[in-house]
Amino acid sequence: PSPGTGSPHWNFHCWVESWMMRGDLPKGNDGWQVLDPTPQELSDGEFCCGPCPVTAIKEGNLAVKYDAPFIFAEVNADTIYWILHGNGQRQKIKVDHTGVGRNISTQSVYGNQREDLTLHYKYPEGSIKERDVYGKAGRLYPETENAEPGLKLSIKHAKPIFGTDFDVFVEVNNEGGKEAHAQLTVLVTAATYNSIHHGECKRQKINVTVPAHKAHREVLRLHYDDYAHCVSEHHLITVKALLESLGDNDTIMTMTSIPLSMPEVLVQVPGKAVQYETAKVLITFTNPLPVPLVGGVFTVEGAGLLMATEIPVRRDILPGQKVSVELSFSPMRCGVRSLIVDFDSNRLKDVKGVATVVVHRKSPIITTSY
């Protein structure tokens, strides 16, 4: 977002769709409509959003009621990155055409599978039609970025688990015909899912020399202690790399978001579950952190299975230690049920585990009299 606008950049948002006739709109706007129960701004003086035809969003018809410009920006926007210099001057260094509106999804009516709706809301990202719609919607085309051979910047990483140490690789590729000298700054911060800064984890600044048609790789090691003090409950790390060529004003930047995977709680329901008969659930969790967990509590619940029940862990859970608990319950309803377990402690919260339980109807007791 542009500096000073306060425009948030979210990596997740949720709304609903409803199928309806739109007699108040021109022909072609019936069908699926966007309604957002968690609106982010006022609409005609009220906090509301929609209904707005999905087809209008895809075609860039932003004059259609209601709130089409806002919804369009949620699924199709360009993100512009700036440097704010000490003298107050702003310098545009990067335009991201593809970061907004990825993986628009709903749950399939055939089960728990994801159904992709992205192409219902926009034409293929980067296609001529998508850019035409973007222009039709009244957005200004950003200046074309310099495509001449030169320095390229990229970030690579593994899929780290929260509590572990991991490496981030920043690669400077010189596609030009002469040796390049530049200053590389790598900044690692913690963030929330809506891009609110949550603290700096690590910063590294070095000078690099890259021969023509060669690459330089810088390895940044992130230890648990680097991010544990500032990471948010969303367990999201942002890495930004800034490359400033020495001797000229060329500046390039790239960034990536690294979600830290949470450990899982293993939930098992052995045997056959029968309505109103006692069943057992076995719960196992291993501490992945290099420090003890204090005040651990398992919360077990499941619709038709049992009410929310807390099981406290009476001792500290040491690094790498496995803890197991057992609970008896009597299912109240038949059918396919979900048993959900949540683990909380002083350093790890909202660690989830789930088991599918098929509850069978209790067989009737048949007696025969002679």
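Model, not experiment: these values are computed from the prediction.

**Here's the deal with the sheet that holds strand β18 (residues 273-274)**
Inference 1: Read across the sheet, five strands follow the order β18-β24-β23-β20-β21 without closing on themselves; strand pairing throughout is mixed. A strand with exactly one partner marks an edge of an open sheet, and here the two such strands are β18 and β21 (306-312).
Inference 2: Pairing of strand β20 (residues 297-302) with β21, which is carried by five bridges, proceeds in the antiparallel orientation. Across the sheet, the residue bridging to Val297 is Pro312, located in β21.

**A look at the environment of Gln33**
Inference 1: Turning to its location among the elements, Gln33 is positioned in strand β2 (residues 31-35).
Inference 2: Residue classification places Gln33 among the buried residues on the basis of a relative accessible area of 0%.
Inference 3: Once the C-alpha coordinates of Gln33 and Ile283 are considered, the two residues, 250 residues apart in sequence, prove to be 43 Å apart.
Inference 4: Those residues in contact with Gln33 that lie beyond four places of it in its chain are Val16, Glu17, Ser18, Met20, Arg22, Pro51, Cys52, Pro53 and Val54.

**Remarks on the side chain of Asn287**
Inference 1: Position of Asn287 relative to the elements: it lies in the loop between β19 (279-286) and β20.
Inference 2: One polar contact links the side chain of Asn287 to the main-chain amide nitrogen of Leu289, over a distance of 2.9 Å.
Inference 3: Within the local environment of Asn287, its side chain forms a polar contact with the backbone oxygen of Ile317, the two atoms lying 3.0 Å apart.
Inference 4: Residues within four places of Asn287 in sequence aside, it is in contact with Pro292, Leu293, Ile317, Leu318, Pro319, Gly320 and Gln321.

**Quick word on the environment of Met307**
Inference 1: Mapped onto the elements of the fold, Met307 is located in strand β21.
Inference 2: Considered as a pair, Met307 and Val54 are 253 residues apart in the sequence and their alpha carbons are 40 Å apart.
Inference 3: Setting aside anything within four residues of it in sequence, one finds Met307 in contact with Val300 and Glu301.

**Notes on the pairing of strand β11 (residues 166-174)**
Inference 1: Residues Phe166, Val168, Val170, Val172 and Asn174 point to one face of β11 and are all buried, whereas Asp167, Phe169, Glu171 and Asn173, pointing to the other face, are not buried.
Inference 2: Looking at chain direction, strand β10 (residues 151-157) and β11 are connected through seven bridges and run antiparallel. Pairing of Leu153 across the sheet is with Val172, part of β11.

**Quick look at the packing of aromatic side chains**
The description of an aromatic ring pair uses the distance of the two centres, along with the angle that the planes make with each other.
Inference 1: With the rule as written, the count across this model stands at nine aromatic pairs.
Inference 2: For the ring pair Trp15 and Tyr121, a centre distance of 5.9 Å and an interplane angle of 65° mean the geometry is edge-to-face. Here Trp15, found in the segment before β1 (16-20), pairs with Tyr121, found in helix α3 (residues 118-121); they are 106 residues apart in sequence, far enough to count as distant.
Inference 3: Residue Tyr121 is classed as buried on the basis of its relative accessible area, which comes to 1%.
Inference 4: On the numbers, 6.0 Å between centres and 45° between planes, the contact of Phe166 with Tyr227 is tilted.

**What to know about unusual backbone geometry**
Inference 1: A cis amide bond links Gly50 to the next residue, Pro51, at an omega of 0°.
Inference 2: Relative to the assigned elements, Pro51 resides in the loop between β4 (46-47) and β5 (52-53).
Inference 3: The linkage connecting Lys65 with the following residue, Tyr66, adopts the cis geometry, with an omega of 0°.
Inference 4: For Tyr66, the position within the fold is in the loop between α1 (54-59) and α2 (68-75).

**Comments concerning the pattern of salt bridges**
Inference 1: Considering all chains together, one arrives at eleven salt bridges under this definition.
Inference 2: Note that Asp24 and Arg22 form a salt bridge whose closest N and O atoms lie 3.0 Å from each other.
Inference 3: Asp24 sits in the partly exposed class, given a relative accessible area of 42%.
Inference 4: With its nearest N and O atoms 3.8 Å apart, the salt bridge here joins Glu171 to Arg217.

Procedures and definitions
- Numbering of residues begins from 1 in every chain and follows the order in which that chain's sequence is written.
- A pLDDT threshold of at least 70 governs which residues receive local features in this predicted model, and a stricter bar of 80 or more applies before side-chain atom pairs are shown or counted, although totals over entire chains, interfaces and linings include all residues.
- Side-chain numbers here rest on the full set of heavy atoms in the structure, without hydrogens or water.
- For two strands to be treated as a pair, DSSP must find no fewer than two bridges joining them.
- Every helix listed is a DSSP run of H or I at least four residues long, and every strand listed is a run of E at least two residues long, numbered separately from the N terminus.
- Buried, partly exposed and exposed residues are distinguished by accessible area as a fraction of the type maximum, computed with a 1.4 Å probe on protein chains only: under 20%, between the cut-offs, and over 50%, respectively.
- Note on definitions: a residue-residue contact is assigned when non-hydrogen atoms from the two residues lie within 4.5 Å.
- Polar contact criterion, stated in full: a pair of N or O atoms within 3.5 Å, where within protein one must be able to donate a hydrogen and the other to accept it, and residues adjacent in sequence count only if both atoms are side-chain atoms.
- Stacked, tilted and edge-to-face are the three classes assigned to paired rings of Phe, Tyr and Trp, where Trp is represented by its six-membered ring and a pair needs centres within 6.5 Å; plane angles under 30 degrees give stacked, over 60 edge-to-face, the rest tilted.
- Definition used for salt bridges: Asp or Glu carboxyl oxygen within 4 Å of a side-chain nitrogen of Lys or Arg.

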